[in-house]
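One letter stands for each residue in the lines below.
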Amino acid sequence: MNIFNSLGSNYSKRSGAYSLGSDAKAPARLQAYLKQHYRAPEVYLTYKGREAIALALEQLQLPKGSSVAINGYTCYAVYEAITQAGLQPLYLDIEKNQLNFTAERLSAALKGSPKINAVMIQNTLGMPADIQKIKTLCAEYKVPLVEDLAHSIGMSYSSGQEAGTVGAAAALSFSQDKMIDAVTGGAAVLYWASKIQPNFASAPLGHRFTTRLYPWATWLIRQTIRLQIGRVILKLMKSTKLLPGPMSGAATPAHKLPSWHSHIALQSYGQLPELIAHRQRIAAVYREWLPSTLQFSHDDTAVYLRFPIIVDKPLELIAQLRHYGVYLSDRWYDAPIAVAPRQVLKQTTYKKGECPNAEYVAARMVNLPTHIHVSEKKARAIAEHINAWLESKA
Ligand SMILES: Cc1ncc(COP(=O)(O)O)c(C=O)c1O
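A brief structural summary.

Criteria and cut-off values
Residues numbered from 1 in each chain as written. Predicted model: local features only at pLDDT ≥ 70, side-chain atom pairs only at ≥ 80, totals over all residues. Heavy atoms only, no water. Helix = DSSP H or I, 4+ residues; strand = E, 2+ residues; numbered from the N terminus. Rg over C-alpha atoms; globule rule 2.2 N^0.38 Å. Buried < 20%, exposed > 50% of the residue type's maximum accessible area, 1.4 Å probe, protein only. Contact = heavy atoms within 4.5 Å. Areas by Shrake-Rupley, 256 points an atom, 1.4 Å probe, with all protein chains shown as cover. Lys, Arg positive; Asp, Glu negative; His and termini not counted. Charge placed at Lys NZ, Arg CZ, Asp CG, Glu CD. Pairing = 2+ DSSP bridges. Axes fitted to C-alpha atoms, helices over the stretch in contact; angles between N-to-C directions. Near = heavy atom within 4 Å. Polar contact = N/O pair within 3.5 Å; in protein donor to acceptor, adjacent residues only side chain to side chain. Salt bridge = Lys/Arg side-chain N within 4 Å of Asp/Glu carboxyl O. 1 Å grid on protein atoms, 1.4 Å probe; cavity = no way out; pocket = protein on both sides within 12 Å on 5 of 7 lines; lining within 4 Å. Points joined across faces, edges and corners; volume = space filled by probe spheres on them. Nonpolar A, V, L, I, M, F, W, Y, C, P; charged D, E, K, R; others polar.

### Side note on the overall build of the protein
Consideration 1: Counting secondary structure elements, the protein contains 11 helices and 13 strands.
Consideration 2: In terms of overall size, the protein behaves like a compact globule, its C-alpha atoms giving a radius of gyration of 20 Å where 394 residues would be expected to give roughly 21 Å.
Consideration 3: Counting only C-alpha atoms, the protein reaches 55 × 50 × 40 Å along its principal axes.
Consideration 4: Sorting the 394 residues of the protein into buried and exposed places 58% on the buried side.
Consideration 5: Taking the intrachain contacts of the protein between residues at least 6 apart in sequence as the baseline, contacts between residues at least 24 apart amount to 75%.
Consideration 6: For the protein, the accessible area works out to roughly 16,800 Å², and carbon and sulfur atoms hold 55% of it.
Consideration 7: Side-chain charges in the protein split into 43 positive and 28 negative, and the spacing between the mean points of these groups amounts to 7 Å.

### Brief notes about the environment of C75
Consideration 1: Along the chain, the position of C75 falls in strand 4 (residues 74–75).
Consideration 2: When its relative accessible area of 17% is taken as the criterion, C75 is described as buried.
Consideration 3: When the C-alpha atoms of C75 and A335 are compared, they prove to be 8.7 Å apart, with 260 residues separating the residues in sequence.

### Looking at the sheet that holds strand 3 (residues 67–71)
Consideration 1: An order of 2-9-8-7-6-3-5 is seen for the 7 strands of this open sheet, with the pairing classed as mixed. Lying at the two open borders of the sheet, with one neighbouring strand each, are strand 2 (42–46) and strand 5 (88–92). Each strand of the sheet is rotated relative to its neighbour by a mean of 20°, with strand direction disregarded.
Consideration 2: Taken together, the 5 bridges between strand 8 (residues 169–173) and strand 9 (residues 186–190) define a ladder with antiparallel strand orientation.

### Some thoughts on the site of the ligand
Consideration 1: Residues in contact with the ligand amount to 16 residues; listed here are only the nearest, G49, R50, D148, S173 and K178.
Consideration 2: For the ligand, an oxygen atom lies 2.7 Å from a polar atom in the backbone of G49.
Consideration 3: In this structure, S173 approaches the ligand through a side-chain N or O atom, which is 2.8 Å from an oxygen atom.
Consideration 4: About the coverage of the ligand: the protein hides 97% of its 390 Å² of free accessible area.
Consideration 5: Listed by contribution, the elements that provide at least two residues to the shell around the ligand are helix 2 (49–59) and helix 3 (76–84).
Consideration 6: Looking at which element gives the most residues to the shell around the ligand, the answer is helix 2, with 3 residues.

### As for the pattern of salt bridges
Consideration 1: Within this structure, the stated rule accounts for 12 salt bridges.
Consideration 2: Here R50 ties to E80 by a salt bridge, and the two come within 3.6 Å at their closest N and O atoms. One end of the pair, R50, is in helix 2; the other, E80, is in helix 3, and 30 residues separate them in sequence. An identical accessibility class is assigned to R50 and E80; each is buried.
Consideration 3: Measuring nitrogen to oxygen at the nearest pair gives 3.9 Å for the salt bridge that ties D130 to K133.
Consideration 4: You can call K133 partly exposed: its relative accessible area is 45%.
Consideration 5: Through salt bridges with shared partners, a single network forms among E104, D130 and K133.

### Here's the deal with unusual backbone geometry
Most peptide bonds take the trans configuration, and most residues that are not glycine carry a negative phi.
Consideration 1: For the peptide bond that leads from S113 to P114, omega is 5°, which places it in the cis range.
Consideration 2: Along the chain, W332 connects to Y333 via a cis peptide bond; the corresponding omega equals -5°.
Consideration 3: Structurally, Y333 is set in the loop between strand 11 (326–327) and strand 12 (337–338).
Consideration 4: Its identity is not glycine, yet R39 carries a phi of approximately 50°, on the positive side.
Consideration 5: Within the secondary structure, R39 sits in the loop between helix 1 (26–38) and strand 2.

### As for empty space enclosed by the protein
One simple way to see leftover space: roll a probe sized like a water molecule over the atoms.
Consideration 1: Using the criterion set out here, one finds 3 cavities of 30 Å³ or more in the structure.
Consideration 2: The computed volume of the largest cavity comes to approximately 50 Å³.
Consideration 3: In terms of lining, the largest cavity is formed by N5, S9, N10, D177, R279, L305, R306, P369, T370 and H371.
Consideration 4: Looking at the lining of the largest cavity, its residues break down into 2 nonpolar, 5 polar and 3 charged.

### Some points on the packing of helix 6 (residues 205–224) against helix 7 (residues 229–239)
When two helices pack together, their arrangement is given by the angle between the helix axes and by the axis-to-axis distance.
Consideration 1: Direction vectors running N to C along helix 6 and helix 7 enclose 145°, while the axes themselves pass 6 Å from each other. Judged by residue contacts, L213, A217, L220, I221 and T224 of helix 6 engage I229, G230, I233, L234 and M237 from helix 7.
Consideration 2: Per-class residue counts for the contact of helix 6 with helix 7 are 8 nonpolar, 2 polar and no charged.

Here it is as structure tokens:
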């Protein structure tokens, strides 16, 4: 078995990621598709999901320094998007058995201070937030709701509404290892006619080059990892910055989405129902074979970008699984406001102790892969390795 949580996890011959060409009209086609799909008057394509978040927030035209309530267990990119849009994040803690803040926590925060001017949900790892109650609260307090779909493109809430169609705006990410994976990309979906005249600059040429190389480079690394050559290539490419990390790039200003990435994103939308069904089948195997004490609370609508479990010694488990060719060191998330694993924690306004449940989960969570390279048989084998490790610790 040779299974990675990331490193080109979504790419196959069918995914189109290894194709070389695209046509100049692909961005316009993707934009038109997204407008129709989400029935939104405005869609702006961006080079990164964080650019889409910043753009959507800027377009809400909130007073400078306004507070945006967000999940207290999130990615640094979200923090970056909010602060670079001139706003302040207000962290809402999660529960120990679920990865999104609850409506009850939001309600308490809306009653308290500082005043909340916008709310953003993120359906962490494709597990749905309590959207109906959250939407009702936002309407009651007259604050706009933004749906960050970085983990949940294609998910439908239990009301039947598709994620991204409930709030005032949605932000999509098409970056590596996401539901729609075009190596990089994003889109701001706005449910009002905004006045921006997008004249985004192109992203730096070097970055664009490395994103085009990424599917091939990661394929080579995956094929040769067992021979140790893969590790050398990985190190070399990282040190020479030829391998774009998921955290590279700022949230403002927004940049154009090139045609190749637009083409791949559009193609992936066509395969999305099938890809989601696959992820849900793999999650069902983990749910069946792993002890329920390791699992988070399940919702049938979850699309499981990854399947989260909680263990006391996550690094030990990750090291153990590596012996079987299962590489899970890319943890989402190992801190309440997480940067890429093992990187120095960047400075944020998060204060230790602010979200104790997020800290508890961050210290223990491991994500299991659900992507196309994991079959039901492999998922069961992964579950059995985990169970054997648990028994050895008992
Ligand atoms: C919840 C969440 N939102 C937004 C983003 C930003 O996406 P991107 O890397 O496309 O900027 C991430 C990054 O992984 C994320 O985890």
